[in-house]
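Spelled out from the first residue to the last, the chains are:
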Amino acid sequence: MLVFNTIESLQKHISELPKRTSIGFVPTMGALHKGHLSLIKKAEKQNKITVVSIFVNPTQFDNAEDLVNYPKTIEKDLKLLQSVNCSIAFIPSVKEIYNENIYSESFDFGGIENEMEGKFRKGHFNGVATIVKRLFEIVKPTKAYFGKKDFQQLQIIKKLVEIKKIPVKIKGCAIFREPDGLAMSSRNTRLTKEQREAAPFIYKILKKAKKKFGTKNADTVIEWVEKKFKKHPILDLEYFLIANEDTLQSVNKKDNNKKQRAFIAVYAGKIRLIDNLSLN
Ligand code: PAF
């Protein structure tokens, strides 16, 4: 595996590849887990080479403490990348990416950026879109892979590519879960033993909500979920809602002709966990 820390060295290498070499790209913030590895394996199957970036992007954190505490496990990450035969790791510094201008661009994604995560994490999606656009400009991938755990992020990136006419195919990949149902996330490593034991409750509630939404409207299901979390000794609900997958607008009634999905954000102490489940 080749490891590049500068844009120049990465681009030099890419420019020397045979013309039309397909490049699969998996952008990450490191602290890699099996969910990331499944994206990488998919990228490797569908492309000649795979580039994985590891970059903890400061402009997408609305909370300075969360940025400082974001898990950094670079040695372990490199071993994991080697274990799945990744071709290239791109690990730039903040200066390499932003120079002295650690700011986000401002984007208009037609309103989907203001729902859910956008409401609770101000500026988050401008930061995500800024770094993903920058990384796409640097790597120029054929296909790029994103997990559906960050479903809203996936929709934002599809919009970004459409608006900015970036020639890359965006691939959304299934959520990878622990055996007890907890969606894999780099933040899970920060949970205390007690919080980790409590966290699978989130997926249990999503599955029960899915059953209920068959016969009850969304308002009733939301009320039920809120009650469940009010009684929970460890987990605090930030939001639970049911929305149309494409518009991300809340819906109240089940409609089998439209893709509908339940979305949830929960705090375990200071650790924020998100998850979602298709309701169709
Ligand atoms: O999902 C992530 O890990 C990040 O938001 C991403 C896409 C790597 C951009 O920093």
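Residues numbered from 1 in each chain as written. Predicted model: local features only at pLDDT ≥ 70, side-chain atom pairs only at ≥ 80, totals over all residues. Heavy atoms only, no water.

**Q** Could you clarify how one ought to interpret the sheet that holds strand β8 (residues 260-268) in this entry?
**A** Adjacent strands of a sheet form backbone hydrogen bonds with each other and so pair up, either parallel or antiparallel. Judged by pairing direction, the sheet is antiparallel, and its three strands sit side by side in the order β7-β8-β9 without closing on themselves. With one partner strand each, in any of the chains shown, β7 (235-244) and β9 (271-278) form the two edges of the open sheet. In this sheet, adjacent strand axes meet at a mean angle of 15° when their direction is disregarded. Relative to β9, β8 runs antiparallel, the two being bridged by eight bridges. Paired with Val266 across the strands is Leu273, a residue of β9. Contacts from helix α10 (residues 201-213) reach β7, β8 and β9, with the element oriented near 30° to β9. (Pairing = 2+ DSSP bridges. Helix = DSSP H or I, 4+ residues; strand = E, 2+ residues; numbered from the N terminus. Axes fitted to C-alpha atoms, helices over the stretch in contact; angles between N-to-C directions. Contact = heavy atoms within 4.5 Å.)

**Q** What's the story with the side chain of Ser185 in this structure? I'm lost.
**A** Tracing the backbone through its elements, the reader meets Ser185 in the loop between β6 (169-173) and α9 (193-198). The class of Ser185 is buried, set by a relative accessible area of 14%. Sequence-distant contacts of Ser185, defined by excluding residues within four places in its chain, comprise His33 and Lys149. (Buried < 20%, exposed > 50% of the residue type's maximum accessible area, 1.4 Å probe, protein only.)

**Q** Explain the site of the ligand here, please?
**A** Lining the immediate surroundings of the ligand are Pro27, Thr28, Met29, Asn57, Gln60, Ile131, Phe146 and Gln153. Gln60 is positioned with one of its side-chain polar atoms (N or O) 2.6 Å from an oxygen atom of the ligand. Relative to its unbound accessible surface of 290 Å², the ligand loses 89% to contact with the protein. Its residues placed into classes, the shell around the ligand shows four nonpolar, four polar and no charged. (Near = heavy atom within 4 Å. Polar contact = N/O pair within 3.5 Å; in protein donor to acceptor, adjacent residues only side chain to side chain. Areas by Shrake-Rupley, 256 points an atom, 1.4 Å probe, with all protein chains shown as cover. Nonpolar A, V, L, I, M, F, W, Y, C, P; charged D, E, K, R; others polar.)

**Q** Hey, could you run me through the sheet that holds strand β2 (residues 23-28) in this one?
**A** With parallel pairing, six strands are arranged side by side in an open sheet as β1-β4-β3-β2-β5-β6. The strands lining the two open edges of the sheet, one partner per strand, are β1 (2-4) and β6. Sheet twist, expressed as the average angle between the axes of neighbouring strands with direction ignored, equals 25°. With two bridges connecting them, β2 and strand β5 (residues 143-147) associate as parallel partners. Bridging across to β5, Phe25 finds its partner in Ala144. Relative to the sheet, helix α4 (residues 74-83) contacts β1, β3 (49-54) and β4 (88-90), its axis offset from that of β3 by approximately 170°.

**Q** So what exactly am I meant to see when it comes to the nonpolar core here?
**A** Soluble globular proteins tend to bury their nonpolar side chains together. By size, the foremost hydrophobic cluster in this structure holds 45 residues, and its most contacted members are Phe90, Phe136 and Ile170. Looking at this core, the element that brings in the most residues is helix α7 (residues 124-139), giving nine residues. (Core = buried A, V, L, I, M, F, W, Y, C linked by side-chain atoms within 4.5 Å.)

**Q** Sorry, what's going on with the environment of Ala218 here?
**A** As for its position among the elements, Ala218 is in helix α11 (residues 218-230). With residues near it in sequence (within four places) discarded, Ala218 still touches Phe213, Ile242, Val251 and Asn252.

**Q** Just to check I follow, could you spell out the packing of aromatic side chains for this structure?
**A** Two aromatic rings are characterised by how far apart their centres lie and by the angle between their planes. Scanning the entire structure with this criterion turns up eight aromatic pairs. When the ring of Phe55 is compared with that of Tyr98, the centres are 6.3 Å apart and the planes differ by 35°; the resulting orientation is tilted. Linking Phe55 in the loop between β3 and α3 (64-69) with Tyr98 in helix α5 (residues 94-98), this pair joins segments that are 43 residues apart in sequence. Here the aromatic cluster, defined as three or more aromatic residues joined through ring pairs, consists of Phe25, Phe136 and Phe146. One cation-aromatic arrangement involves Arg177 over Tyr203; the distance from NZ or CZ to the ring centre is 3.6 Å. (Phe/Tyr/Trp six-rings, centres within 6.5 Å; stacked < 30°, edge-to-face > 60°. Lys NZ or Arg CZ within 6 Å of the ring centre and 35° of its normal.)

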